[in-house]
Amino acid sequence: MVSLSRVLSVSYPAKPSVPCKTFSSSSRLVQKPRLNSKWRSMATEPDSSSFAPSVDSDSSADKVTAGFCIIEGPETVQDFANMELQEIQDNIRSRRNKIFLQMEEVRRLRIQQRIKSAELGILKEEQENELPNFPSFIPFLPPLTSANLKVYYATCYSLIAGIILFGGLIAPTLELKLGLGGTSYADFISSMHLPMQLSEVDPIVASFSGGAVGVISALMVVEINNVKQQEHKRCKYCLGTGYLACARCSNTGSIVLIEPVSTVHGGDQPLSTPKTERCSNCSGSGKVMCPTCLCTGMAMASEHDPRIDPFD
Amino acid sequence: MAGVLLWVVCPKGNATALLSLIPRSGSKPKKRSFNRVSAISSAVANPARSSEQRVYDVVLKQAALVREQRGRRALDLDLDLDKTSEKADGFTDWDLLNEAYDRCGEVCAEYAKTFYLGTLLMTPERRRAVWAIYVWCRRTDELVDGPNATHITPRALDRWEKRLDDLFEGRPYDMLDAALSDTVSKYPVDIQPFKDMIEGMRLDLRKSRYMNFDELYLYCYYVAGTVGLMSVPVMGIAPESKASVESIYNAALALGIANQLTNILRDVGEDARRGRVYLPQDELARFGLSDEDIFRGQVTDRWRNFMKDQIKRARMFFDEAEKGVSELNSASRWPVWASLLLYRQILDAIEENDYNNFSKRAYVGKVKKFASLPVAYGRALMGTSKLI
C-alpha cells in the first residue's frame, strides 16, 4: 500500500496561507477569469504542469494532480489504473476528507478577505442580503424574499376579493352581463356564431370550467418556467450530463476490428463474428469528459458552494 | 509584396486610413462571411514584414488551395473522397452525427442568438456546417476566456491542437469534434485558419496590451480573420464570379477584422474591468489618452475624438468587405449581407450612446434588426451585377 501511505502523508498545510490572488477587484465578474496575472505567468512557463495556481499549499500535494490538464487525452483515466479496489476506495475517502477541510479553509479565508477589504475601504459593488432570496417561478415577477412575501400575500388576497366583489356585486348591479354593453349570454353566443348549445350551459359548470382552465394554465406556466431556470444552469454542451459521446467508438465503448478475409482459399467457410476491442479513446466507457464544464454538468464549472463565495 | 492592404496615417492625427486593429477581448469570434477586398498595394518604407503581409501570405495560400480544388471539381462542394472513406471506418453512426449537429445548433442558439437567426437564412447543409465551426471556435475561445480559463496551460492548448489535427484526419475525439470532422470532409476547409486561431489564444494568454496597430492586426486576424477564412469554403463562391479567389478571401478577412474591431469598440469598458486594453497604445497616446483614462471610464472630448477615429476605421473595413459579398454563392449572400448590416449598426449604436462604451452597451434593437433583413435581401439580389 505504498501509494496509499504516500497519499495520506500529504496533509494540507497547517497554517492558513495568504491568498496570492487579487479577488476583490474582480469578485463580481463570475464569468471572467479572475487570475489574469496568474495564468498569464503560468502560460509563459515552458511546460507548467501543475494546475493549482496557488504556490503555497500544493507543491507537496500534487504529485498525482500534477498531470492534470483540462483537455483530457486517452490516457487520462489510466492514472490510477494500477490500484487495487480497496486502495481506490481508501483513496477516495481520504481525498473527500481533504476536500471538505479545504472548503472550510476557503470559507474562513473569504471571511478574512472581506474583513480586510472592508478595513482598507475597498468598496464592494453590492451588499449581500441577510436572507437569501428565491427567484420566482412565475415569469416577470421579482424575486421572493421573506419580506416581500407579505406583499405577495396582500396583493393576492386583495385581487381575489376584488374579483369576487366585482363578479358578485358590482357587475350585476351595473347590469354588465358580459361586459359588452348589455348583451345577454344567448345574444353573445349567437353574435359569435357559435352553436346555441353553449348558451344553455349551467352557470356553476361554466364558472367551474373557467376557473379550472385558469388554474391549470397558470400551473403549467410555472412549471415551464421552473424547467427553463433549471436548464439555464446546465452546461449546454453536454446537456448537464458532464460527458460527451466518444466519437471513436460512437458511444459504444468498443471498436470493431476489421480483418480482411480472403475468399480465394476456403471460401466456403462462414465468416466468424468480428473481434472487438476496448476503445482506447474512452477506455471503454463510451463517454469522454466535457471540457467546458469539466464533468460537473453545470454551466459554470466553478463551485456553487456558499463556502467558496459566502457573500455572493 | 503585391496586394498588401496598407493604410497611411496622416500626421494630423486624422487617422483616416489606418487600419488599426483594436485589441479584442478575445471572446466570441464572429462567424461572418466575407467579402471581396480589392487589394491595394501601397508603398510603405517598412523593411520588416508587417502583420498585414504575413496575414496576406496566409490568404494567398488559402486561395491557392481553393483554386487547386476548384480545378478538380467544377462545383462549389468538393467532396474529398479520401477523407470520407477514412472517416467512414471510425464514425458511421448517422444518428449520433445528426444529434451532434443538433447539439451544435442548440449551443449556437444559446450563445449567439442573432447569429443563429442569421444561419436560419442559409441552406440546411451550410447551416449545420456553420454551427459545427461555431461550436469549435467557441470551445477554443472558452479555453482561455471561459469558466475554466484559470486552469488553462500551454499543454492544454497543445492537446487541443492535437485534437484538431486528429479530427482533420478523420479521427475526432468527441461528438462535437465529429460534427466538425464531418463538415471538413464535405467542404474544402483548410486546417491553417484553425491552427491560427489556437495561436491567437496562445497570444491572448500572454498579451493584454497592444503597442501599435500592427500587433493588433495580427491578433484580430487570429481571432476573427481566421473565422472569415474558415467560412468561405462553406459559403461557396458563385460559379459565375469573375473575381479572383484571393480578393474574395481578402474580403472575408476584412469582414472578420471589421467585426472584431466593432466588438472591441463596443466592449471597451468590459475589457477594462478585466484589466485588458485592446486599443493601440500609440494611438491612445496620440489623442492624449492613456490606460488610466480607460480604467477611469470617463467620456471626455479626447475620448470622443479617439472613438470617432476608430469607428471611421472600422467602417472602412466594412466597406472593403462589402465589395466581396456579391461574389459568393447566391444562396449565401442574404445571410452574409444581413450579418454585415447588423454588425455595422453596432457602430451607429456606439455613436448614439455618445461614445460611452464604458458603462453602456451598444445595442441594436429588434426592430432595427428586422428592418435590416429586407435591405440585406435586396442587396443580395443585386449580386453579381456589381461585377466588373
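None of these values were measured; they are calculated from a predicted model.

A. Spotlight on the nonpolar core. In terms of nonpolar packing, the biggest core is built from 130 residues, with Trp136(B), Leu279(B), Ile294(B) and Trp303(B) touching the most fellow members. With 16 residues, helix H9 (residues 213–235) of chain B is the single largest residue contributor to this core.

B. Region of the structure containing the packing of helix H10 (residues 245–266) of chain B against helix H15 (residues 330–352) of chain B. Residue and element names in this part refer to chain B. Viewed as axis vectors pointing N to C, H10 and H15 meet at an angle of 30°, and their least axial separation amounts to 10 Å. By the angle class used here, H10 and H15 are roughly parallel. In this structure, H10 crosses over H15, and the sense of that crossing is left-handed. Along the contact surface, H10 presents Leu 255, Asn 259, Thr 262, Asn 263, Leu 265 and Arg 266, while H15 presents Val 336, Leu 340, Tyr 343, Ile 346, Leu 347 and Ile 350. Across the contact of H10 with H15, the residue classes tally to 8 nonpolar, 3 polar and 1 charged.

C. The packing of helix H3 (residues 94–111) of chain B against helix H7 (residues 175–186) of chain B, seen in detail. Residues and elements named next belong to chain B. With their axes 9 Å apart at the nearest point, H3 and H7 run at an angle of 100° to one another. The angle between H3 and H7 falls in the class roughly perpendicular. Only Met 175, Leu 176, Ala 178, Ala 179, Asp 182 and Thr 183 of H7 make contact with H3, whose side of the interface consists of Trp 94, Leu 97, Glu 99, Ala 100, Tyr 101, Arg 103 and Cys 104. A class-by-class count of the residues in the contact of H3 with H7 yields 9 nonpolar, 1 polar and 3 charged.

D. Structural view of empty space enclosed by the protein. Per the counting criterion, the structure on display carries 5 cavities of 30 Å³ or more. The computed volume of the second largest cavity comes to approximately 80 Å³. Lining the second largest cavity, in full, are Ile70(A), Pro291(A), Thr292(A), Arg139(B), Glu142(B), Leu143(B), Gly146(B), Pro147(B), Asn148(B) and Trp160(B). No other element matches the 3 residues that helix H5 (residues 124–145) of chain B contributes to the lining of the second largest cavity. Among the residues forming the lining of the second largest cavity, the class breakdown is 5 nonpolar, 3 polar and 2 charged.

How each quantity is defined
- Residues numbered from 1 in each chain as written.
- Chains lettered and ligands numbered in written order.
- Predicted model: local features only at pLDDT ≥ 70, side-chain atom pairs only at ≥ 80, totals over all residues.
- Heavy atoms only, no water.
- Core = buried A, V, L, I, M, F, W, Y, C linked by side-chain atoms within 4.5 Å.
- Buried < 20%, exposed > 50% of the residue type's maximum accessible area, 1.4 Å probe, protein only.
- Helix = DSSP H or I, 4+ residues; strand = E, 2+ residues; numbered from the N terminus.
- Axes fitted to C-alpha atoms, helices over the stretch in contact; angles between N-to-C directions.
- Parallel < 35°, antiparallel > 145°, perpendicular 65-115°, else oblique.
- Left-handed = near helix turned anticlockwise from the far one by under 90°.
- Contact = heavy atoms within 4.5 Å.
- Nonpolar A, V, L, I, M, F, W, Y, C, P; charged D, E, K, R; others polar.
- 1 Å grid on protein atoms, 1.4 Å probe; cavity = no way out; pocket = protein on both sides within 12 Å on 5 of 7 lines; lining within 4 Å.
- Points joined across faces, edges and corners; volume = space filled by probe spheres on them.

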